Amino acid sequence: MNSLINYRVEGNLALIGLARPPVNALGQPLRAALLDAYERASANADVQAIVIHGDSGLFTAGADISEFGSEASFAAPDLPSILVRLTQSSKPLIAAIGSIALGGGLELALACGYRIGEAKARLGLPEINLGLLPGAGGTQRLPRLIGAEPALDMMISGQPINASRALQLGLLDRLADSAETLLDSARAFAAELLASNAPARPAERFAQPAAGLPADFFASFRASNEPRWKSRLAPRLVLAAVEASCRLPLEQGLAREGELFRQAEDSAQSAALRHVFFAEREAGRIPGIDADLPLRSIEKVAVIGAGTMGGGIAMNFANAGIPVTLLEQKAEALDRGLAQIRKNYEISVKRGKLTEAQLEQRMELLQGTLGYADLADADLVIEAVFEKMEIKQQVFRTLDEVCKPGAILATNTSSLDVDAIAAVTRRPQDVIGLHFFSPANVMRLLEVVRGKATAPDVLATTMKIGKRIGKIPVVSGVCFGFIGNRMLEPYNREAHRLVLEGSTPAQVDGVLTALDLNMGVLSMTDLAGVDVNFLVRDGNRAAFANDPSYYILGDELYKLGRYGQKTGRGFYLYEGRDRKDDPEVVEIAERVAAELGVARRADITNQEIHDRCLFMLINEGIQLLDEGIALRASDIDLVWINGYGFPGHVGGPMHYAETLGLDTVLAGIRRYRDELGSHGEMWFQPAPLLERLVAAGKTRIEKI
Ligand code: 3HC
Ligand code: NAI
């Protein structure tokens, strides 16, 4: 038998063990081996029941994602046909689910008449996260097994459920106590089924999956969710497929699912989300650092500064069960910080996301202190004090005195030079930047800023701990703003400038949200604070001293105390959470433009807004790649998707540039360089790497 399957016959039972590490992805070779093994068991007269399981425990993570978009995806034997074949078995088939059954993996289990799972197993249909829908019968078989509503929930959320919930829903027939006893329990289950002459497949539990649901269930589901879906295709296709399961006989429903699946697979949105899936896995690989490099052990963490960021950072570690010492200068600040953390957890309790007991457990992991001596045994210290070089350097001098050798010393600075901070210690190799995003307990991006002296094991250890606390860590080199904020600068600059030239904030933001960005950049500035933006800019004035109009509108709003949402006025007017256009901003723009001699135009099109904002964002990203600040284009995409609300189904700015065409982006930049007078001449300079890529006929962004 093929090495992809461990096939055994034990008396009247055939055991088919999927053996394609790491996750038994159901690519063509494994599919062929599975079908082969099934036919063999079917044909063996001694075999009366068949158990399909993961040979090393883990059942399967579903279809092989790397096959999508290629011939291999439906190459014979294709998964939907294999599963139809399995459902025709005259012998009971039992799926023994260890660890995970996801996507096509769960669909494989659904094609079996019976399912047993270990207590820690997770079962889900996460296809929607890849811009897909379940395409091997899941949209038709799951509603018939557990009813349309819970089935739809699983597919729309893409979130796996745990084994006890699966048992409750009837998705599992049995629970095994543990991974170790799973196979024995499956054997016992098979024996019971045979002893009771159980049918190869029990009757469908929900012959009418929508029975009991209101007649307008699907219409109202669509209506209430569509605004949230924006232009995403996959949720709409999932809904159509589940609806079909309630209207059509199984065979026709499966055919309909197949059509919808192909539509999803062929979509640019799914290609973008598949790119993101692999980008997330790639980000952990750092050239020159071996995967086997021994890492430092992180059991105790300390955070300095219990303000907005420090508190959120500390919560991340407590959430992962790691004890944290939180240091402040004064007792009041410490009490305030700890009280805020408790308040945040209480909100989670109110929302049912945390129990009271979990809240207390987490608070117990957080120890406040006013003395550096309590940091002596910390394995990782993260500084989140005020953004002032002198203060940070003083903190690091002290850390150098008190921390144990080998402790990792990290700064959460957003704009200061990590190397200059490291330089005040006698151990710059142990210093690194860990740039969390606000709110730090929520945002998934973590820029891991590698200083020029940072040791490889310090980098690798922080990447690992970043993952452990649920972040998406991305390596950045040292530069002003690192990857994310440095790219934000030209993007936001064009947005400000467009308002100066005659657009309204709502028009600029509208173009960006039409692309499904969570927020337009001017609304984002209002949220982050026009004042915060001003202060960061103020620390870097020399870089744009030649341009009197540079972010001039932001400077004017700052002078007027229009700091954004927090003061109720910024680029917009705010009443509570409601945002309104403010004619006064237009008046300010008119006045400042007149003072600077900037011509205002009534003919700024949405296309111009799109191109100027996004091409400048893309251009800066390509420049960062060329400078080696970013290791790869896909890392830049992750930064923008997880830190700045760029939609995953557009794939991040670098992937988006590739879909637009690099030549189109370059031509646009050159065009505005020529058309925008001195502003164009000053700022619309194509990144040399972009020019080289286009000259070489490349369609992908890579360093050449
Ligand atoms: N196809 C191909 N490769 C996969 C894969 C899949 N379905 N799932 C995981 N892998 C690969 C990863 O790329 C990674 O490879 P690498 O080591 O070369 O980078 C390796 O397996 C391990 O994955 P992770 O690093 O993500 O390991 P974790 O332990 O953190 O997570 C996991 C494991 C929970 C299985 C996670 O990988 C995951 O969520 N995978 C995707 C599951 C999924 O979306 N399944 C549905 C696929 S679509 C489908 O089935 C369509 C069907 O309806 C027809
Ligand atoms: P904050 O003002 O809310 O908190 C700073 C805290 O540090 C205060 O509680 C203060 O009492 C304490 N502190 C100051 N000096 C100290 C010292 N010497 N020892 C101990 N505690 C001290 O500021 P915030 O927003 O939390 O920012 C902290 C750092 O995080 C800054 O470097 C900032 O640039 C960075 N950052 C901020 C982001 C944000 O959105 N607020 C995002 C990413 C990074």
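Since we're looking at a predicted model, the values are computed, not measured.

Participant: Looking at this structure, how should I read the site of ligand 1?
Facilitator: The local shell around ligand 1 holds 23 residues, among which A61, G104, E107, E127 and R281 are the closest. A63 places a polar main-chain atom, nitrogen or oxygen, 2.8 Å from a nitrogen atom of ligand 1. Measuring from an oxygen atom of ligand 1, one finds a side-chain N or O atom of E127 at 2.6 Å. Taken together, the elements giving at least two residues each to the shell around ligand 1 come down to β4 (93–102), α3 (104–111) and α11 (268–282).

Participant: Explain the site of ligand 2 to me, please; I cannot follow it from the model alone.
Facilitator: Taken together, 21 residues surround ligand 2, and among them M309, E328, E387, K392 and S414 come closest. A distance of 3.3 Å separates an oxygen atom of ligand 2 from a polar backbone atom of V385. Contacts to ligand 2 include K392, whose side-chain N or O atom sits 2.6 Å from an oxygen atom. Compared with its free state, where it exposes 830 Å², ligand 2 has 78% of that area covered by protein.

Participant: So what exactly am I meant to see when it comes to the environment of A407 here?
Facilitator: Within the fold, A407 resides in the loop between α15 (389–402) and β13 (408–411). Aside from chain neighbours lying at most four places away, what touches A407 is R296, A378, D379, R427 and D430.

Participant: Any chance you could explain the packing of aromatic side chains here in plain terms?
Facilitator: Describing an aromatic ring pair means giving the distance of the ring centres and the angle of the ring planes. Across all of its chains, the model carries 17 aromatic pairs by this definition. Between Y114 and F189, the ring centres sit 5.9 Å apart and the planes meet at 85 degrees, which makes this aromatic pair edge-to-face. Taken together, the positions of Y114 in strand β5 (residues 114–118) and F189 in helix α7 (residues 182–195) put the pair 75 residues apart, joining distant regions of the chain. Ring-pair connections join several aromatic residues into one group, and the members of that group are F217, F218, F221 and W229. For R262, the ring lying beneath its charged end belongs to F74, and the centroid distance is 3.9 Å. Across the ring face of F277, the terminal group of R281 is positioned such that the distance to the ring centre comes to 3.8 Å.

Participant: When you look at the packing of helix α19 (residues 505–514) against helix α24 (residues 606–627) in this model, what are you seeing that I'm missing?
Facilitator: How two helices sit against one another is set out by the angle between their axes and by the gap between those axes. Two elements in contact, α19 and α24, have axes whose closest approach is 9 Å; the angle formed by their N-to-C orientations is 75 degrees. Considering the angle they form, α19 stands roughly perpendicular to α24. From α19, Q507, V508, V511 and L512 reach across to α24, where they touch N606, I609, H610, C613 and L614. Looking at the contact of α19 with α24 residue by residue, the classes come out as six nonpolar, three polar and no charged.

Participant: Would you explain empty space enclosed by the protein in this entry?
Facilitator: A water-sized probe, rolled over the atoms, reveals where empty space remains. Applying the stated criterion to the full structure yields one cavity of 30 Å³ or more. Counted as a void, the largest cavity has a volume near 50 Å³. Mapped by element, the contributors of at least two residues to the lining of the largest cavity are α18 (482–501) and α22 (552–559). With four residues, the single largest contributor to the lining of the largest cavity is α18.

Participant: What should I look at first to understand the domain arrangement of the protein chain in this one?
Facilitator: By the assigned domains, the protein chain splits into domain 1 (5–265), domain 2 (301–476) and domain 3 (484–695). Counting residues at the interface gives eleven residues for domain 2 and ten residues for domain 3. Contact between domain 2 and domain 3 buries roughly 900 Å² in total, counting both sides, with carbon and sulfur atoms accounting for 64%. Considering only the side of domain 2, the residues that lose the most area to domain 3 are L445, V474 and V475, jointly responsible for 39% of the buried surface there. On inspection of domain 2 and its partner domain 3, the count reaches zero salt bridges. Inspection of the region where domain 2 meets domain 3 yields one residue pair in polar contact (both at pLDDT 80 or more). For the side of domain 2 that touches domain 3, the secondary structure elements donating two or more residues are β15 (445–449) and β16 (472–476). If you tally residues by element for the side of domain 2 that touches domain 3, the top one is β16, at four residues. Of the residues that constitute the side of domain 2 that touches domain 3, the class distribution is six nonpolar, three polar and two charged.

Participant: Is there a simple way to think about unusual backbone geometry in this case?
Facilitator: A cis amide bond, omega -5 degrees, links A76 with the succeeding residue P77. You can see P77 is positioned in the loop between β3 (49–60) and α2 (79–87). A positive phi angle is found at N197, which is not glycine, with a value near 50 degrees. Within the fold, N197 resides in the loop between α7 and α8 (217–229). With relative accessibility at 70%, the residue N197 sits in the exposed group. Although it is not a glycine, D516 adopts a positive phi angle of roughly 80 degrees.

Participant: Please explain the sheet that holds β16 as it appears in this structure.
Facilitator: Backbone-to-backbone hydrogen bonds join strands into a sheet, with any given pair of strands oriented parallel or antiparallel. Within the open sheet, the eight strands sit side by side as β11-β10-β9-β12-β13-β14-β15-β16. Their pairing is mixed. Looking at which strands have only one partner, the edges of the open sheet turn out to be β11 (366–369) and β16. Looking at each pair of strands side by side, their axes are set apart by 25 degrees on average, direction ignored. In this sheet, β16 lies alongside β15 in parallel orientation, the contact comprising five bridges. Counterpart to V448 in the pairing with β16 is V475.

Participant: In this structure, what is going on with a nonpolar patch on the surface? I would like to understand it.
Facilitator: A surface patch of nonpolar side chains, about 210 Å² in accessible area, is lined by F480, V532 and V536. Within the secondary structure, V532 sits in helix α21 (residues 530–538).

Participant: Quick question: what am I supposed to make of the nonpolar core here?
Facilitator: Generally speaking, nonpolar side chains in soluble globular proteins are found buried as a group. One finds I483, Y491, W640, F646 and I701 to be the most contacted residues of the largest nonpolar core, which totals 78 residues. Counting only domains with at least three residues in this core, you end up with domain 2 (301–476) and domain 3 (484–695). When neighbours within four sequence positions are excluded, I483 is seen to be in contact with E447, V474, V475, S476, L624, I629, A630, I636 and V639. A121, L132, L133 and A148 belong to the second largest nonpolar core, which has 70 residues in total.

Participant: I'm lost on the pattern of salt bridges in this one. Help?
Facilitator: Note that side chains of opposite charge can pair when their charged atoms are close. One pass over the full model with this rule turns up 53 salt bridges. Through salt bridges that share partners, R493, E494, R497, E501, R601, D603, E608 and R612 make up one connected network.

Participant: In this structure, what is going on with the UniProt feature "domain: 3-hydroxyacyl-CoA dehydrogenase NAD binding" (unreviewed entry) in the protein chain? I would like to understand it.
Facilitator: The UniProt entry lists residues 300–476 under the feature "domain: 3-hydroxyacyl-CoA dehydrogenase NAD binding" (unreviewed entry), expressed in the numbering used here. Annotated as residues 300–476, this span is 41% helix and 20% strand, and its ends, taken at the C-alpha atoms, are 25 Å apart.

Participant: Sorry if this is basic, but what is going on with the environment of A320 here?
Facilitator: With respect to the helices and strands, the residue A320 is situated in the loop between α12 (308–319) and β10 (324–327). Owing to a relative accessible area of 29%, A320 belongs among the partly exposed residues under this scheme. Spatially, the C-alpha atom of A320 lies 30 Å from that of D55, the residues being 265 residues apart in sequence. Among residues more than four places away in sequence, those in contact with A320 are R468 and I469.

Participant: Would you take a moment to explain the UniProt feature "domain: 3-hydroxyacyl-CoA dehydrogenase C-terminal" (unreviewed entry) in the protein chain for this structure?
Facilitator: Using the residue numbers shown here, the UniProt feature "domain: 3-hydroxyacyl-CoA dehydrogenase C-terminal" (unreviewed entry) corresponds to residues 481–574 and 610–699. Within the segment residues 481–574, helix and strand shares are 59% and 2% respectively, and the terminal C-alpha atoms sit 29 Å apart. Helix makes up 73% of residues 610–699 and strand 0%, and the two end C-alpha atoms of the span are 21 Å apart.

Cut-offs and rules
- Residues numbered from 1 in each chain as written.
- Chains lettered and ligands numbered in written order.
- Predicted model: local features only at pLDDT ≥ 70, side-chain atom pairs only at ≥ 80, totals over all residues.
- Heavy atoms only, no water.
- Near = heavy atom within 4 Å.
- Polar contact = N/O pair within 3.5 Å; in protein donor to acceptor, adjacent residues only side chain to side chain.
- Helix = DSSP H or I, 4+ residues; strand = E, 2+ residues; numbered from the N terminus.
- Areas by Shrake-Rupley, 256 points an atom, 1.4 Å probe, with all protein chains shown as cover.
- Contact = heavy atoms within 4.5 Å.
- Phe/Tyr/Trp six-rings, centres within 6.5 Å; stacked < 30°, edge-to-face > 60°.
- Lys NZ or Arg CZ within 6 Å of the ring centre and 35° of its normal.
- Axes fitted to C-alpha atoms, helices over the stretch in contact; angles between N-to-C directions.
- Parallel < 35°, antiparallel > 145°, perpendicular 65-115°, else oblique.
- Nonpolar A, V, L, I, M, F, W, Y, C, P; charged D, E, K, R; others polar.
- 1 Å grid on protein atoms, 1.4 Å probe; cavity = no way out; pocket = protein on both sides within 12 Å on 5 of 7 lines; lining within 4 Å.
- Points joined across faces, edges and corners; volume = space filled by probe spheres on them.
- Domains from an automatic or database assignment.
- Buried area = accessible area lost by both parts, 1.4 Å probe.
- Salt bridge = Lys/Arg side-chain N within 4 Å of Asp/Glu carboxyl O.
- Buried < 20%, exposed > 50% of the residue type's maximum accessible area, 1.4 Å probe, protein only.
- Pairing = 2+ DSSP bridges.
- Patch = residues over 30% accessible without salt bridge, like charges linked within 9 Å, V, L, I, M, F, W, Y side chains within 5 Å.
- Core = buried A, V, L, I, M, F, W, Y, C linked by side-chain atoms within 4.5 Å.
- UniProt positions renumbered as here; feature names shortened; annotations may be inferred.

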